[in-house]
Amino acid sequence: MLSANLFMTNMLHFLLAICFASFSIMLAGAQSTAAAKDANSPVRFVKKLIASESYESVGVFDVNNDNIPDLVSGSFWYPGPDYVQRNFIGVVDRIGEYWDDFSTIPLDVNGDGKIDFVTGGWFGKKLYWKENPGTNGEWKQHLIAEPGNIETTRAWDIDGDGINEIVPNTPNDPLTVYRLVKGSNGKGAGSFEAFKIYNGKSGHGLGFGDINGDGRGDFVLTNGWLEAPPDAFKGTWTFHPDFGFGDASVPIIVADVNSDGQNDIIVGQGHGYGLHWYEHKKNKDKHDWIKHTIDPFNSQYHTMEWVDIDNDGKEELVTGKRYRAHNDKDAGAHDYVGLYYFKWNGESFTKQVISYGPFGEGKGAGLYFSIAALTPSGRKDIIVAGKDGLCIFYNNGSDNSTQGVKK
């Protein structure tokens with residue numbers, strides 16, 4: 001009788017163990033499915049209008065050293081975390097419908113521990129930096145160079161020393177890189193030295209990344225790419241006329257889209273219709289580029305970023321239509337504006353709409369926008385200027401949470 005009871009007890013434990021194991025497997029499967037569903041769910045954004053000014057560039061950095069990111073756009077900066085108060089920086093030249101202020105690149109130029117910024121414009125043909133006074137006073141403007149008409153400016157670490165160089169896109173003039181002069185303490189000394197990389201006309205469009213897989217960053221122009229020498233500022237850059245992109249975006253993205261170990265190119269049409277990626281096929285010393293369409297239906301894809309916007313560990317393409325880039329003279333000028341992110345699904349890009357509609361409802365991408373975490377959630381928000389105003393698109397993730405968002 002005792003043995004029978006022991007047998008029944010053991011059988012009961014065995015059956016319970018099987019049930020528990022089955023439940024654990026089912027629970028793990030459900031959690032995995034839920035996680036996968038959450039990872040594939042579109043990110044939700046909440047729009048907040050900051051200002052109605054029509055500056056086309058906005059930067060994000062800590063202006064007042066309070067460890068909270070601030071917004072800098074045109075003549076004003078807006079302290080976080082509320083971005084309501086408006087502080088004057090200085091007068092920006094106005095030419096017709098344009099503010100001659102086409103970038104907002106944060107950089108401590110003079111090494112005083114306060115972040116300044118670099119900008120420039122098409123009409124004035126000047127590149128300059130604005131000095132952060134550390135107060136609410138006006139920012140002093142310093143001339144860096146007069147390189148010609150500046151479509152916009154970007155910053156990349158060309159020589160690998162951990163400090164970005166300043167690279168204006170000058171379509172009608174040679175490509176010139178401006179490196180910050182550093183003092184004995186390794187900090188900025190308040191000036192720049194110029195290095196001419198390419199003597200021909202730069203053309204409309206500019207990117208930077210390793211094209212040939214040698215570990216050095218190359219430049220991508222609208223009509224070819226420049227192969228970097230071992231020493232970026234002493235050697236000769238070799239031009240490869242592999243393609244022609246027209247009025248290309250700034251930046252042109254260099255990234256391994258399909259994870260085949262070779263960097264591809266993503267380029268938008270800044271003043272016409274089209275957004276494409278060019279698959280890179282390297283055969284010995286020959287580079288072939290296979291064109292793939294991402295979105296042929298929107299025009300004025302003038303700027304973009306390659307960033308993980310949904311926190312899945314993989315980058316997405318964030319871009320949008322610039323509102324009135326050439327003041328109604330571009331193809332598709334009167335189409336609805338929009339802001340989007342495109343997610344790579346392993347075979348192609350899928351389009352997710354962040355904002356879309358007519359002026360006042362939809363929001364365009366401007367000329368130079370920023371992506372940064374503005375709330376305690378740590379999720380990357382999108383901050384966009386343009387002729388259609390300055391806005392923050394708070395990233396709520398895919399769980400419909402509104403934590404940290406002020407409407």
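Residues numbered from 1 in each chain as written. Predicted model: local features only at pLDDT ≥ 70, side-chain atom pairs only at ≥ 80, totals over all residues. Heavy atoms only, no water.

S.K.: I'd love a proper account of the layout of surface pockets, names of residues and values included.
M.R.: Its volume calculated, the largest pocket comes out at about 600 Å³. Lining the largest pocket are 25 residues; nearest its centre among them are Arg154, Ala155, Trp156, Glu305 and Tyr368. For the lining of the largest pocket, the secondary-structure elements that each account for two or more residues are strand 2 (59–61), strand 8 (105–107), strand 12 (152–156), strand 20 (253–255), strand 24 (304–307) and strand 28 (370–372). Here the lining of the largest pocket is built from residues that sort into 19 nonpolar, four polar and two charged. (1 Å grid on protein atoms, 1.4 Å probe; cavity = no way out; pocket = protein on both sides within 12 Å on 5 of 7 lines; lining within 4 Å. Points joined across faces, edges and corners; volume = space filled by probe spheres on them. Helix = DSSP H or I, 4+ residues; strand = E, 2+ residues; numbered from the N terminus. Nonpolar A, V, L, I, M, F, W, Y, C, P; charged D, E, K, R; others polar.)

S.K.: Lay out the pairing of strand 26 (residues 337–344) in plain terms, naming residues and giving numbers.
M.R.: For strand 26, the buried fraction is high: eight of the eight residues fall into the buried class. In strand 26, alternate side chains face the same way, and those of Val337, Leu339, Tyr341 and Lys343 on one face and Gly338, Tyr340, Phe342 and Trp344 on the other are all buried. Here strand 25 (residues 316–320) pairs with strand 26 via four bridges, running antiparallel. The partner of Leu317 across the bridge, within strand 26, is Phe342. (Buried < 20%, exposed > 50% of the residue type's maximum accessible area, 1.4 Å probe, protein only. Pairing = 2+ DSSP bridges.)

S.K.: How would you explain the pattern of salt bridges if you had to name every residue and give the values?
M.R.: Following the criterion strictly, the structure yields 17 salt bridges and no others. Between Arg324 and Glu97 there is a salt bridge, with its nearest N and O atoms 2.6 Å apart. With Arg324 in the loop between strand 25 and strand 26 and Glu97 in the loop between strand 6 (94–95) and strand 7 (98–99), this residue pair connects regions lying 227 residues apart in the sequence. Classification of Arg324 as buried rests on a relative accessible area of 13%. Using a relative accessible area of 36% as the deciding quantity, one classes Glu97 as partly exposed. Note that Arg216 and Asp214 form a salt bridge whose closest N and O atoms lie 3.0 Å from each other. Three or more residues are tied together by salt bridges with common partners; here these are Asp310, Asp312, Glu316 and Lys343. (Salt bridge = Lys/Arg side-chain N within 4 Å of Asp/Glu carboxyl O.)

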